[in-house]
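# Inside the fold
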Amino acid sequence: MDEEEKFFAWLDGELTADEAKAFEARVAADPDLARRAEQHRLLRARLSQAFDPVARAPVPTRISALVETDSREPIDLAEARQRREAKRRSWGPPQWSAVAATLVIGIALGTMVNRQSEAPVTVEEGKLYAAASLGRELDSELASAPSKASVRIGVTFRDQAGAICRSFNGPQTGGLACRDGVRWQVRGLFPAPAGQGGDYRMAAGSAPELAALIGATISGEPFSAVEEKSAKARGWR
Amino acid sequence: MDRSASFEQELATLLPRLRRFAHTLSRNGADADDLAQATVERALRSRAQWQPGTRLDSWTYRIMRNLWIDTTRSRARKQWLEDPPEAAEHLGEDPREAMDAAMDLKRVMAAMQRLPAEQREVVALVLIEGFGYRETAEMLDLPIGTISSRLVRGRAALLALMGE
């Protein structure tokens, strides 16, 4: 192993503990070497930051369907959007009443299963809004940096009228909420399928109905982690 | 759970990482997903060759790497007849896009493309996928010293390309 190789082996944690300790001392005593180490740590971090979002993104259906072990289809926004484009002309009152019916079921489930805690939504003037705790989580949670909140954010995007929308998954329900002034208007609420905890394929939504609703609502692409963060900083306007 | 179900389930949990590895090797996202799809299809067809108890990730990565080499070779042959498939991808002029993660991915993919294939795969496996030198050497059937020396050259080239 030449000196260059040893330097990188040290940086990659490939030296034995004794060798690493000795090399560490050399780096500490040599500003040039220390600077190079920093440069290469940054390079590695930059590579990870660029590629890691690929590993966090939903897997396209054409790939995930090959190893689908349950019947549920993972979410594919592009596909949902294509279906929407195809259906756009025929999207009339009957479909909206279907959405409304789903909403009612959603509310019923939401209030029933959350009896001890607060219901996730409230109704005001015929509109459905996120109640306080769901609203707070929609305000503060980032899909790119999930906390221990009970609600996990799926995708964030703008709808066709320009309002920011976010899909969310709670323990019992998942849904879609869009910004209306300073509040989150809930556009859809669906019962969460069983056993969704920690399943990476659920990143974009919980139920097929939610995926369809996202597909029918979204304009453009879902926000990247950076866009999501800056939208939060601007108060989701 | 029977053996075939556990194979599929384990493969399913690998998909996000496989897609990432495909992106480190490929010219663009569409090629990467073609490669990921071909890899999963091949893995499913060859599942009898996988030894339960050994690492499924290394086994599948190796399949992907071999498919990628095959594609690269056949593409190189065709390029006698075709124009280069892609000039430098157009980068948007909107300054906000410079911040965008997708744009960053494009830039870094373009830099990776400039590395010789033999350096690119080693850089991808060690620096992005996080495999150790020995695991990488075994996956690629190369001596560990070759891994070290390719890493040295690949990193120097990337640092120059991405100009920190």
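Structure report, in brief. Every chain's residues receive numbers from 1 upward, in the order its sequence appears when written. Chain A is the first chain written and ligand 1 is the first ligand written, with later ones labelled in order. Restriction of local features to residues with pLDDT of at least 70 applies here, the model being predicted, together with a cutoff of 80 or more for giving and counting side-chain atom pairs; totals for whole chains, interfaces and linings are based on all residues.

So, on to the overall build of chain B. Per the secondary structure count, chain B includes seven helices and zero strands. Each helix is a run of DSSP H or I of at least 4 residues and each strand a run of E of at least 2, with the numbering of both proceeding from the N terminus. What you see in chain B, going N to C, is helices and strands ordered as α-α-α-α-α-α-α. Buried residues in chain B amount to 32% of all 164 residues. Note on burial: count the other C-beta atoms lying within 10 Å of the residue's C-beta; 20 or more is buried, 12 or fewer is exposed, in between is partly exposed, and C-beta positions come from the backbone.

One nonpolar core equals one set of buried Ala, Val, Leu, Ile, Met, Phe, Trp, Tyr and Cys residues connected by C-beta atoms within 7 Å. Judged by nonpolar contacts, the single largest core of 44 residues is most densely connected at B:Ala22, B:Met64, B:Val123 and B:Val126. Per-element tally for this core: the top contributor is helix H1 (residues 3-25) of chain B, with eight residues. With residues near it in sequence (within four places) discarded, B:Met64 still touches B:Leu18, B:Phe21, B:Ala22, B:Leu35 and B:Thr39. In terms of nonpolar packing, the next biggest core, distinct from the first, is built from 28 residues, A:Leu138, A:Phe157, A:Leu210 and A:Leu213 among them. The contact rule is simple: place each C-beta atom from the backbone, and if two of them lie within 7 Å, those residues are in contact.

The partner chain B presents 39 residues to the 34 residues of chain A that form the contact. Among the elements of the structure, helix H1 (3-11), helix H3 (31-56), helix H4 (61-64) and helix H9 (225-233) of chain A are those that each provide at least two residues to the side of chain A that touches chain B. Its residues assigned to classes, the side of chain A that touches chain B shows 19 nonpolar, six polar and nine charged. Three residue categories are used. Nonpolar comprises Ala, Val, Leu, Ile, Met, Phe, Trp, Tyr, Cys and Pro, charged comprises Asp, Glu, Lys and Arg, and polar comprises the others, including Gly.

This brings us to the environment of A:Ala143. Residue and element names in this part refer to chain A. Here Ala-143 lies in the loop between helix H7 (132-140) and strand E3 (152-159). Separated by 25 residues in sequence, Ala-143 and Phe-168 have C-alpha atoms that sit 9.3 Å apart. Not counting residues within four places of it along the chain, the set of residues in contact with Ala-143 comprises Ile-153, Gly-154, Val-155, Thr-156 and Glu-228.

Residue and element names in this part refer to chain A. Across the two faces of strand E2 (residues 127-130) the burial differs, with Leu-128 and Ala-130 buried and Lys-127 and Tyr-129 not buried at all. Where strand E1 (residues 121-124) and E2 come together, four bridges link them in antiparallel fashion. For Glu-124, the partnering residue across the bridge sits in E2 and is Lys-127. A pair of strands is treated as paired once DSSP finds two or more bridges between them. Between E1 and E2, which pair antiparallel and follow one another directly, the connecting turn spans two residues, one of which, Glu-125, has a positive phi of 50 degrees.

Attention now goes to helix H6 (residues 133-140) of chain B. Residues and elements named next belong to chain B. Listed as buried for H6 are Tyr-133, Thr-136 and Met-139. Seen from one end, H6 has its buried residues packed into an arc of 125 degrees, which puts them on one side. Following H6 by one or two positions, Asp-141 adopts a phi angle in the positive range, close to 55 degrees. Along the arc lie the directions from the helix axis toward the C-beta atoms.

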